[in-house]
Amino acid sequence: MCGIGHVPSQCPKRDPATICTRQQPSANFADYRSQVSSSWVTDTSSTNHVAANLSSFDHFETYNGHDTLHVGNGKGLPILHIGSSQLYSPYKTFHLSQMLHVPEIKQNLLSVQKFFHDNNVYFEFHTSFFVVKDEITHTILLTGPSSCGLYSFHLP
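Residues numbered from 1 in each chain as written. Predicted model: local features only at pLDDT ≥ 70, side-chain atom pairs only at ≥ 80, totals over all residues. Heavy atoms only, no water.

> I'm lost on the packing of aromatic side chains in this one. Help?
Note on aromatic pairs: each is described by the distance of the centres and the angle between the planes. Applying the stated criterion across every chain, the model contains 7 aromatic pairs. Between Phe123 and Phe130, the ring centres sit 5.6 Å apart and the planes meet at 20 degrees, which makes this aromatic pair stacked. Phe130 matches Phe123 in its accessibility class, with the two residues each being buried. A connected cluster of aromatic rings, assembled from ring pairs, spans Phe94, Phe115, Phe116, Phe123, Phe125 and Phe130. (Phe/Tyr/Trp six-rings, centres within 6.5 Å; stacked < 30°, edge-to-face > 60°. Buried < 20%, exposed > 50% of the residue type's maximum accessible area, 1.4 Å probe, protein only.)

Dropping the structure here:
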């Protein structure tokens, strides 16, 4: 979003000179706590799933590119690996593709956009909780709480 509710490509105030044809990895949530959390926070602006620890990955390879993960304060954090993982719920195994290993991030981030695409699901965000539903059957597959506007969950 452009900050006033428009999709960037449709914003009437956009500057065509600032449109980037190649999307940089980005995340809207930045956390500076001293310990890394093992829970996942949903991020509607994140382009990729992001984890600080390689233990969160099932498969990974060294990232040799020059991109960095751009967080909410504009800082670019180095990406060391790229890989994939799975999250298990009682009703479905969720796939996380193109995960970024960024040791400087303090909170695992779940890209809502990628999660939709990889798992054929959708989210419903409510005041105090969220649900993940199957796109075809509308069956609830996962629920989680909201705290201070953050929607997070922890799976074993």
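> I tried to follow the pattern of salt bridges on my own but got confused; where do I start?
Once the charged atoms of two side chains with opposite charge are near each other, the side chains can pair. With the rule as written, the count across this model stands at 2 salt bridges. Notably, a salt bridge pairs Lys75 with Glu104, separated by 3.4 Å at the nearest N-O pair. Here Lys75, found in the loop between strand S4 (68–70) and strand S5 (76–78), pairs with Glu104, found in the loop between strand S7 (93–101) and strand S8 (108–111); they are 29 residues apart in sequence, far enough to count as distant. According to the relative accessible area criterion, Lys75 is partly exposed, its value standing at 39%. The shortest N-O distance in the salt bridge between Lys133 and Glu124 comes to 3.1 Å. By relative accessible area, Glu124 is classed as partly exposed at 26%. (Salt bridge = Lys/Arg side-chain N within 4 Å of Asp/Glu carboxyl O. Helix = DSSP H or I, 4+ residues; strand = E, 2+ residues; numbered from the N terminus.)

> Please clarify how the environment of Val112 should be interpreted in this entry.
Among the secondary structure elements, Val112 is positioned in helix H1 (residues 112–119). Exposure remark for Val112: the relative accessible area of 4% places this residue in the buried category. Sequence separation between Val112 and Ser45 is 67 residues, and the spatial gap between their C-alpha atoms is 7.8 Å. Once residues lying within four places of it in the same chain are set aside, the contact partners of Val112 are Thr42, Asp43, Thr44, Phe123 and Phe125. (Contact = heavy atoms within 4.5 Å.)

> I'm lost on the side chain of Asp67 in this one. Help?
Structurally, Asp67 is set in the loop between strand S3 (59–62) and S4. Within the local environment of Asp67, its side chain forms a polar contact with the side chain of Tyr63, the two groups lying 3.3 Å apart. (Polar contact = N/O pair within 3.5 Å; in protein donor to acceptor, adjacent residues only side chain to side chain.)

> Whenever I open this one, the pairing of strand S10 (residues 129–134) confuses me. Can you help?
Within a regular beta strand, the side chains point alternately toward one face of the sheet and then the other, so they alternate between its two faces. Taking burial as the measure, the 6 residues of S10 include 5 buried ones, the bulk of the element. Pairing analysis gives 5 bridges linking strand S9 (residues 121–125) to S10, with the strands arranged antiparallel. Its bridge partner lying in S10, Phe123 is registered against Val132. Hairpin connection from S9 to S10: 3 residues lie between these consecutive antiparallel strands. (Pairing = 2+ DSSP bridges.)

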